[in-house]
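So you can see what is in the structure, the chains are spelled out below.
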Amino acid sequence: NCSCVGISKCLPAYCKDDTPNANWNDIPDEDKKEAMVYGNKMGVVATDILNKAKWAWESSTLVDVSGLTRVAKDDLGLLKQPANPKFKTALVQIYVRSAPY
């Protein structure tokens, strides 16, 4: 859930019994802006961590993800891929098949 990483403004996008189809579009625009402030701060910290550890993967090969199954319904809320990314990373989520959301 969003509040565990400090982005409680995103809670309207949290799926639960009374809102099983909640998504990014359910967050008010002002709250999206505030959530992006926190997200951008986390991005600065993540970039710093990646810069410090860059030596660890500069010569490594790519990970084969062809065996993974995509179960996401959409990519709402994700930013576009940068034209010239500084790092290659992956967005990974957990999907529990027995869970309703």
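Residues numbered from 1 in each chain as written. Predicted model: local features only at pLDDT ≥ 70, side-chain atom pairs only at ≥ 80, totals over all residues. Heavy atoms only, no water.

Caption draft 1: Molecular detail of the pattern of salt bridges. Considering all chains together, one arrives at 5 salt bridges under this definition. For the salt bridge of E30 with K33, the shortest nitrogen-to-oxygen distance reads 3.3 Å. Of this pair, E30 and K33 are both found in helix α1 (residues 29-53), 3 residues apart, which corresponds to roughly one turn of the helix. The exposure class assigned to E30 is exposed, which follows from its relative accessible area of 54%. A salt bridge links D48 to K52; the shortest N-O distance between them is 3.1 Å. Here D48 pairs with K52, and both are found in helix α1, just 4 residues apart, close to one helical turn. A network of salt bridges, in which partner residues are shared, links K9, D31 and E34. (Salt bridge = Lys/Arg side-chain N within 4 Å of Asp/Glu carboxyl O. Helix = DSSP H or I, 4+ residues; strand = E, 2+ residues; numbered from the N terminus. Buried < 20%, exposed > 50% of the residue type's maximum accessible area, 1.4 Å probe, protein only.)

Caption draft 2: Up close: a nonpolar patch on the surface. On the surface, V63, V65 and L68 cluster together into a nonpolar patch covering about 340 Å² of accessible area. Mapped onto the elements of the fold, L68 is located in the segment after α1. (Patch = residues over 30% accessible without salt bridge, like charges linked within 9 Å, V, L, I, M, F, W, Y side chains within 5 Å. Areas by Shrake-Rupley, 256 points an atom, 1.4 Å probe, with all protein chains shown as cover.)

Caption draft 3: Structural view of the environment of N21. In this structure, N21 sits in the segment before α1. The class of N21 is exposed, set by a relative accessible area of 59%. In this structure the C-alpha to C-alpha distance between N21 and Y101, which are 80 residues apart in sequence, comes to 8.4 Å. Dropping the residues within four chain positions of it, N21 is found in contact with D26 and K73. (Contact = heavy atoms within 4.5 Å.)

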